[in-house]
Amino acid sequence: MDLDKQNANPTILNPSDLPSRRRETQVKRRDDGGTGLFDDLIPPYNYLNDPFDQAISSSDSDDDAVEQIDEQEVYDLISSISDPEHPLSLGSLAVVNLPDIHIQPPTSPHSCISTVVVEITPTITHCSLATVIGLGVRVRLEQALPPRFRVDVRIKKGTHSTDEAVNKQLGDKERVAAALENGTLMGVLRKMLSTCE
Amino acid sequence: MSDIQQYLLDYDRNKKEASATAQRSATRLKDGDLKLLKLVEELGEYFNSEDGVTRSRTMGYLAEVLALIPPKVLSLQQRNLLCDFILARTDDGEGIGNCAKALTALEERGKWDSERVQKIMETLLANTNPLRQFKQQSERYPVLRLVDMLMAKYRDALRTLHDSTPDFLSRFIAYFDGEKDPRNLMVVFSILKVPMAEWNIGADAQDLFDAVFNYFPITFRPPPDDPYGITAQDLKDRLRECIASTSDFAPYAFPALLDKLDSTSMNTKRDVLQTITSAVAEYGPHTISLYSITLWDALKFEILNVQEEDLAEEALSGLAAIAKTLSQGTPGPLNAYLRPIFKECNEHLEDAPTKQSQAAARILHRIANVSPDVTNILLAGILPTLFTLFQSADAMAKRRGLLEVFVQLIKANIGVYGDWRSPGIAGEQSANNALAQFRDQALEVTMSGLEDAPVEQVSFRVVCLDGLLQLSKARGLLTDEHIGKIIQLFYAVVVHEQSYGKDDVKNGAINGLVEIAHQKPQVVIEKAFPAFMAQLPDTDLDGSSGYFSVLEAFAKLASEDKVFDTVILRLKNKFSSAVNQNASSSYIIALLSAILYALTKGANKLEQNHESSNHYQDIVLPLLQRTSSTDSSHPKAFDDETTLDLVGRICNIIVRSHSAEQQQAVAAELYTLFRGTAQDELPPFNLNANPETNRTMVVSTQLLASLHKETRLPCEIELLVSSLANYTQQPHLSAPVRSASLRQISLVINKYYSTSALKTCMEPLINGPLELFNADKLDPPRIRVIFACLKGISLRSSPSLSILYPHVLSFLSHPKYGTTIAHGFSTLLQPDDLLTKQNHCQISGLHKQKSFALLVPNITRLFREAPADMKPNYLIALSGILNGMPFDIVMEEVDQLILLLLQSLDLKGEDLVKEAAIATLTSTLVEKPAVVEEHVGSLVTRLLANSVINKETRTPPKVRAAALRCLTLVPDKLKLEVVLPYRRQVCKKLTAALDDRKREVRSAAVKARARWLEVDEAGDDE
């Protein structure tokens, strides 16, 4: 894969500025303001636990709490995709951004279909790889989200010279399917997705 | 028959016998039975043979004989004659290799003079030039070895030859032309390196250079079972040394190398970069000054547009090497080299933070590291622009990018001028550090950045913090006052700031404080400690609770050696006043945790330093007295087992570093705990003691754990064990007290029984009133005692295990308590925080192997014989054993276990068992996939069943995630054709797991599914 670089010098975000899931459980537990430094002092296998009782009480009680799929989770799924030009993630290049991800609940109470809308921001307005990136995001989400989600990937308005044309391509199911038959393109996509966590 | 006849006759049949003939001739020559003249005469006939092979072998015979003659047998005259004779034979065209061998053998028997050496060299060049006319590697090799030897031993002679013969060098170079064999090349490179490095090569420089550079880049790949063991790397190294050997090569080497840098092969580029780096290091400042800018222009691209990370690293080394070489010369060229660099870097800084501004930071960091001069020039060239850009920047991101570059520069500066603890490569020179001129500006920018930027600007503040930390480390840069301010700033972040995000800034500040404490312990103690102490209340009865983060940060400082003692002292004082002022239990627990944490961090110091008897007087004794007392000195918090466990651990960590002698005082008061009551009235000896006294057993357990086995127990060992066994049977004991007392049984057995007594140590319990092994009397309290004993014994690998284990295994089919017994096995081998080497326990290196060998094969056998309703017990026991077992022990038996493991996945409600089974299956997949291969169908089905939630089996999320992770490994470790048939099924079933209610499980499912989707794609490619 030897593409001429269209943007040789993109701006890079620092990892600590990327949105990440705040460890809510931990924050909740620690209302004393500590960071949990002393939690590991007593090893989990310490002798005060009785192995003979443990087996009975082992089934987690908090298993019932449901953690819904949210925007952050979608972000985590796609932000680690690599850019086709650089060995950098879409997240650190700000191609995908948390505020540009929206989950729309089912439109009617009878339907269970939610829609995930992802708007991507190409690093430069004439980037011809925008379609490939969009396709990569789409493929990733279709593989990683349960079927009750519809995936809608588009270029953010005003960030690309031909955003409407690209959006048309990305929205056209048949063209997407045809693109995925293309071996070279699949090769590029596979490389992009290989860094996903 | 003459020897030569015999030799030639044997040569084809048996090389060994031929050599024996040569040996015989040599011996006869030595003994005088054979005259040299006669020997040579006999050879004459064969040297004149029509057959080239015969002539060559005859010379071979001569060479062998010569090599076998002991020294001093041949006279100088004889040697000279022989030498002339052999040299005359070199125009034969056959047997040149043997001629060379013979000459080498002669040389070993007596040194040559210069004339002779020159004659040999000239004759070789006249008769055998070029060497490539000899097709056999084995012919050329001895010649090369001969020349190499001449080069090594007669350097002056050959050099004179070169100086006095104008065309000698060109003939010499041409002589080796066209050599291709790697073994020969190794010798050729080493021969040619001598003229390169030592001779005046003048006009022949280019030829000489081409003679070696023709081989660049080396693409040799040794055959799979190469007997000579020459690798491509060996050749590369030698070739690189040749190229770097003389600066006369520079006009040819740099253009040629830079030309090859455009290659598309990464290996070639790597070679080029490494060669440039070594050439730069050798050619000297004058030569390099001519090429430095050309090289910079070429090398920078490898860093600004990274293709491969290691290429960028090599290019950086190259740039640094240039700076290093130039700083050995005059300042002019160094300035000329650095000017375009900081100019270019300044340009990249303008649009920070980009890929290229990051690259600029890397370049600056690497080059600035080289020498004081370079650092100073770069700082003067970069920092003014950097700060101007910083002031005019409107975006935080840009400011952050600029400061990142700045931090890299200070780090390099510290490398050169050192930190407070040790001087850098420049030695004691901090007065000349150019960073001093920018000190105030740098401090202001970073301090206000950390202080004033909003908390959301995490990365900006992190880099400010890093900058401040580096500034405070730089040797001789800041005053203690400045450092004090930085400490206060860090402290404020740690203590007063709201928690935000992943708390990168807070964690950075705590770690920063620890690092500064390493550099400037006194300043930290003076500046930060009072502030910390002021934030820690004496009592929290007014409802304050902000103390926790302060305590955490403060305890963390204990990891720094020089402040450790002060941290402990202050914490201890705080604890005393908290108790005196009736602080709440949670505050007291927090303080105890902090003390324990600090002690753990300083554990090394405790062990080295036996003066810790201070800590014993100041901490252990008061704590024990508070524990056992019943008056006002006994805090309410001490009425709780978990608190007492903390107390016990604190005492343990201090006491265990003492000698057995010092420990005796504690050992005597193990149960009385200095309360002045007779031991008999207390647990475990008195079953009717005041219930309040039961709790202190938790502390006694930790104390017992800290003792050396040489200490004396406060009573007879049998009495203690049986008392403990009885004591733990009482139904009213709280669970922690019971566990602690059981653990005392394990500890006593492990430490205090002699090896011979250990064999029978359980007898009193088995035969006594307890009747431990009586199946009719079996109940959970007895089962606990059984396993407590076994735990202590198994760690010592006692032979008695082979009698004890079968008894216990037989209880697995006990109708009522089989399952309880089964769960007990998990206690035997699990990691344990009390029975450890640090606690002076006796732990045999092979105890896990021993227990495994005694238990697992028996379990698999009994499992087959067991009735269906008892089978789960065996699976539970098995998983308990496997859980604590390193996989290399399991690996031997794993093919026997695989069916049991798979069946464990069908158990209902035994989640820990499933988890253990999945863990073992996962390790099996990684280490010994072949075993799993035939069971892949049932493995995949069962893993799938455990990865999806359904109504009947409420598989917990941990098991679901583990099953999914194991499933991800399957296509990695097994052959494509084995897994391909399951792809469709797996991908379909996993869709359900993608919608799991737990995030952790979903994330594992995404990975598993992505991996399995690839299975097909990989198939398409083939």
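The rules behind these values
- Numbering of residues starts from 1 in each chain and follows the order in which that chain's sequence is written.
- In the order they appear in the text, chains get letters beginning with A and ligands get numbers beginning with 1.
- Whole-chain, interface and lining totals are the exception, using all residues; otherwise, since this is a predicted model, local features are given only for residues with pLDDT of at least 70 and side-chain atom pairs are given and counted only at 80 or more.
- As a rule here, side-chain values cover all heavy atoms of the structure and leave hydrogens and water aside.
- Numbered from the N terminus, helices here are DSSP runs of H or I no shorter than four residues, and strands are runs of E no shorter than two.
- For the radius of gyration, the atom set is restricted to C-alpha positions; the globular benchmark scales as 2.2 Å times the number of residues to the power 0.38.
- Residue contacts are counted whenever heavy atoms from the two residues lie within 4.5 Å of one another.
- Every accessible area reported is derived by Shrake-Rupley at a probe size of 1.4 Å, with residue values counting cover from the shown protein chains alone.
- Only four residue types enter the tally: Lys and Arg on the positive side, Asp and Glu on the negative side; His and the chain ends are excluded.
- For charged residues, the charge sits on one atom: NZ in Lys, CZ in Arg, CG in Asp, CD in Glu.
- Three labels apply to residues, based on accessible area from a 1.4 Å probe with only protein chains included: buried if under 20% of the type maximum, exposed if over 50%, partly exposed otherwise in between.
- Residues forming no salt bridge and having over 30% relative accessible area are the ones grouped into patches, like charges within 9 Å of each other and nonpolar side chains (Val, Leu, Ile, Met, Phe, Trp, Tyr) within 5 Å.
- The term salt bridge refers to a pairing of a side-chain nitrogen on Lys or Arg with a carboxyl oxygen on Asp or Glu at a separation within 4 Å.
- Only the stretch in contact is used when a helix axis is fitted, and all axes are lines through C-alpha atoms; the angle between N-to-C directions ranges over 0 to 180 degrees.
- Orientation labels follow simple angle bins: below 35 degrees gives roughly parallel, above 145 gives roughly antiparallel, 65 to 115 gives roughly perpendicular, and whatever is left gives oblique.
- Here a crossing is taken to be left-handed if its near helix is turned anticlockwise relative to the far helix by less than a right angle, and right-handed if that turn runs clockwise.
- pLDDT measures how confident the predictor is about each residue, on a scale from 0 to 100.
- Under this definition, polar contacts are N or O atom pairs within 3.5 Å; protein pairs additionally need one hydrogen-donor-capable and one acceptor-capable atom, and for neighbouring residues in sequence, both atoms have to be side-chain atoms.
- UniProt positions are given in the numbering used here, feature names are shortened, and annotations may be inferred rather than shown by experiment.
- Following DSSP output, two strands are said to pair if at least two bridges run between them.
- Handedness rule for crossovers: strands pointing away from the viewer, path from the first strand over the helix to the second running clockwise, crossover right-handed.
- Aromatic rings from Phe, Tyr and Trp, taking only the six-membered ring of Trp, are treated as a pair when their centres fall within 6.5 Å; an angle between ring planes under 30 degrees marks them as stacked, one over 60 as edge-to-face, and anything in between as tilted.
- In this scheme, Lys NZ or Arg CZ marks a charge over a ring once it lies within 6 Å of the ring centre and within 35 degrees of the ring normal.
- Helix span, expected: 1.5 Å multiplied by one less than the number of residues in the helix.
- The arc under discussion is defined with respect to the helix axis, by the directions toward the C-beta atoms.
- Counting rule for disulfides: a pair of cysteine sulfur atoms within 2.5 Å.

## So, the overall build of chain B
A count of helical and extended segments in chain B gives 52 helices and zero strands. Taken over the C-alpha trace, chain B has a radius of gyration of 40 Å; the compact-globule value for 1022 residues is 31 Å, which it surpasses by more than 25%. Referenced to the eigenvectors of the C-alpha coordinate spread, the extents of chain B come out at roughly 115 × 85 × 65 Å. Within chain B, contacts between residues separated by at least 24 positions form 73% of all contacts whose residues are at least 6 apart in sequence. Surface summary for chain B: the accessible area is close to 41900 Å², and the carbon and sulfur share equals 49%. A distance of 4 Å separates the average location of the 110 positive side-chain charges in chain B from that of its 126 negative side-chain charges.

## Observations regarding the overall build of chain A
The helix and strand tally for chain A stands at seven helices and three strands. Element order for chain A, N to C, with α for helix and β for strand: α-α-α-β-β-α-β-α-α-α. Across the 197 residues of chain A, 46% fall into the buried class. By element, 51% of the accessible surface of chain A is carried by carbon and sulfur atoms, the whole surface being about 10300 Å².

## Observations regarding a negative patch on the surface
Residue and element names in this part refer to chain B. A cluster of acidic side chains, namely Asp-888, Glu-892, Asp-895 and Glu-927, defines a negative patch on the protein surface. Secondary-structure assignment places Asp-888 in helix α44 (residues 887-891). Asp-888 sits in the exposed class, given a relative accessible area of 52%.

## Things to note about the packing of helix α20 (residues 372-392) of chain B against helix α21 (residues 396-417) of chain B
All names here are of chain B. Close contact between α20 and α21 brings their axes to 10 Å; oriented N to C, the two are set at 160°. With respect to each other, α20 and α21 are oriented roughly antiparallel. Like other packed secondary-structure pairs, α20 and α21 cross with a definite hand, here left-handed. From α20, Pro-372, Thr-375, Asn-376, Leu-379, Ile-382, Leu-383, Leu-386, Phe-387, Leu-389, Phe-390 and Gln-391 reach across to α21, where they touch Lys-398, Arg-399, Leu-402, Leu-403, Val-405, Phe-406, Leu-409, Asn-413, Val-416 and Tyr-417.

## Here we look at the confidence of the model for chain B
Mean pLDDT over chain B works out to 89, with 98% of the residues at or above the 70 mark. Mean pLDDT across the elements of chain B bottoms out in helix α30 (residues 603-608) of chain B (73) and peaks in helix α34 (residues 697-706) of chain B (94).

## Description of the side chain of Arg-656 of chain B
Mapped onto the secondary structure, Arg-656 of chain B falls in the loop between α32 (641-655) and α33 (660-668). Look past the residues within four positions of Arg-656 of chain B in its chain and what remains in contact with it is Gln-663, Ser-706, His-708, Gln-838, Asn-839 and His-840 of chain B.

## With respect to the environment of Ala-20 of chain B
Residues and elements named next belong to chain B. You can see Ala-20 is positioned in helix α2 (residues 15-31). The exposure class of Ala-20 is partly exposed, given its relative accessible area of 36%. Separated by 745 residues in sequence, Ala-20 and Leu-765 have C-alpha atoms that sit 78 Å apart.

## Observations regarding the side chain of Ser-826 of chain B
Residues and elements named next belong to chain B. With respect to the helices, strands and loops of the structure, Ser-826 is situated in helix α41 (residues 818-829). Judged by relative accessible area, which is 14%, Ser-826 ranks as buried. A polar contact is formed between the side chain of Ser-826 and the backbone oxygen of His-823, at a distance of 2.9 Å.

## Let's talk about the UniProt feature "domain: MMS19 N-terminal" (unreviewed entry) in chain B
Per the UniProt record, the feature "domain: MMS19 N-terminal" (unreviewed entry) sits at residues 40-305 of chain B. A distance of 71 Å separates the end C-alpha atoms of residues 40-305 of chain B, which is 71% helix and 0% strand.

## Looking at the sheet that holds strand β3 (residues 149-155) of chain A
Residues and elements named next belong to chain A. The strand order β1-β2-β3 describes an open sheet built from three strands, whose pairing is mixed. Of all the strands in the sheet, the pair left with one neighbour each is β1 (96-104) and β3. Averaged over all pairs of adjacent strands, the angle between their axes in this sheet comes to 20°, without regard to strand direction. As judged from the seven bridges shared by strand β2 (residues 114-120) and β3, these two strands associate in the parallel manner. Note on β3: the bridge partner recorded for Ile-120 is Ile-155.

## Quick word on the UniProt feature "domain: MIP18 family-like" (unreviewed entry) in chain A
In the numbering adopted here, UniProt assigns the feature "domain: MIP18 family-like" (unreviewed entry) to residues 71-153 of chain A. A distance of 14 Å separates the end C-alpha atoms of residues 71-153 of chain A, which is 29% helix and 25% strand.

## With respect to the pattern of salt bridges
Under the counting rule described, the total for this entry stands at 57 salt bridges over all chains. Close ionic contact of Glu-198 of chain B with Arg-155 of chain B constitutes a salt bridge, the shortest N to O distance being 2.3 Å. Of this pair, Glu-198 of chain B sits in helix α11 (residues 182-198) while Arg-155 of chain B sits in helix α9 (residues 155-164), and the two are 43 residues apart along the sequence. Salt bridges linked by common partners bring Asp-70 and Glu-73 of chain A together with Arg-999 and Arg-1002 of chain B together as one network.

## Here we look at the confidence of the model for chain A
All names here are of chain A. Looking at chain A as a whole, its pLDDT mean stands at 78, while 78% of the residues score no less than 70. Taken together, the stretch residues 23-29 has pLDDT below 50 and engages in four contacts with residues farther than four places along the chain or on a different chain. Across residues 55-61, where pLDDT falls below 50, the model places four contacts with residues more than four positions away in sequence or in other chains.

## Examining the pairing of β2 of chain A
All names here are of chain A. Most of β2 is tucked away, with six of its seven residues classed as buried. Where β1 meets β2, five bridges bridge the pair, whose relative direction is antiparallel. Paired with Val-96 across the two strands is Ile-120, which belongs to β2. Since β2 and β3 lie parallel, the crossover through helix α4 (residues 130-144) that links them has a hand, and here it is right-handed.

## Focus: the packing of aromatic side chains
All names here are of chain B. Scanning all chains against the criterion turns up 25 aromatic pairs over all chains. Relative to Tyr-154, the ring of Trp-112 has its centre 6.4 Å away and its plane inclined at 25°; by these criteria the two rings are stacked. Here Tyr-154 lies in the loop between α8 (137-153) and α9 and Trp-112 lies in the loop between α6 (96-108) and α7 (114-128), a separation of 42 residues in the sequence. Residue classification places Tyr-154 among the buried positions, given a relative accessible area of 7%. Measuring from ring centre to ring centre gives 6.4 Å for Tyr-547 and Phe-548, while their planes differ by 45°; the resulting arrangement is tilted. Considered together, Tyr-547 and Phe-548 belong to a single accessibility category, that of buried residues. Residue placement shows Arg-183 over the ring face of Tyr-228; its charged tip is 3.5 Å from the ring centre. Here the basic side chain of Lys-871 rests over the ring of Phe-863, its NZ or CZ set 4.5 Å away from the ring centre.

## Regarding helix α51 (residues 983-994) of chain B
Turn by turn, an α-helix covers 3.6 residues, leaving residues three or four places apart pointing in a common direction. All names here are of chain B. The end-to-end C-alpha distance of α51 is 16 Å, a good match for the 16 Å that twelve residues give at a rise of 1.5 Å each. Restricting attention to buried positions, one finds in α51 the residues Arg-983, Val-986, Cys-987, Leu-990, Ala-993 and Leu-994. The buried residues of α51 all sit within an arc of 105° when viewed along its axis, so they share a single face. Turned more than 90 degrees away from the buried face of α51, the exposed residues are Arg-984 and Lys-988.

## Here we look at unusual backbone geometry
Residues and elements named next belong to chain B. In this chain, Phe-216 is followed by Pro-217 through a cis amide linkage whose omega measures -10°. By the element assignment, Pro-217 lies in the loop between α12 (205-213) and α13 (232-243). Residue Pro-684 is reached from Pro-683 by a cis peptide bond, and omega for that bond is 0°. Structurally, Pro-684 is set in the loop between α33 and α34. Residues other than glycine seldom take positive phi values, yet Lys-72 does so here, at roughly 70°. By the secondary structure assignment, Lys-72 is in the loop between α4 (52-68) and α5 (76-89). The residue Ser-797 is not glycine, and still its phi comes out positive at about 50°. Note on placement: Ser-797 falls in the loop between α39 (780-794) and α40 (801-810).

## Quick notes on the state of the cysteines
Cysteine pairs can be linked by a disulfide, which is a covalent bond between their two sulfur atoms. All names here are of chain B. Summed over all chains, the structure comprises zero disulfides over all chains. Free cysteine Cys-715: the closest other cysteine sulfur is in Cys-789, separated by 15 Å. The thiol of Cys-789 is not disulfide-bonded; the next cysteine sulfur, from Cys-761, is found 6.5 Å away.

## Topic: helix α5 (residues 163-171) of chain A
Residues and elements named next belong to chain A. Residues of α5 that are buried: Asp-163, Val-166 and Leu-170. Buried residues of α5, seen end-on, are gathered within an arc of 65° and therefore sit on one face of the element. Exposed and facing more than 90 degrees away from the buried side of α5 are Glu-164, Lys-168 and Gly-171. Structurally, α5 contributes buried residues whose contacts are with α4, β3 and α6 (173-181).

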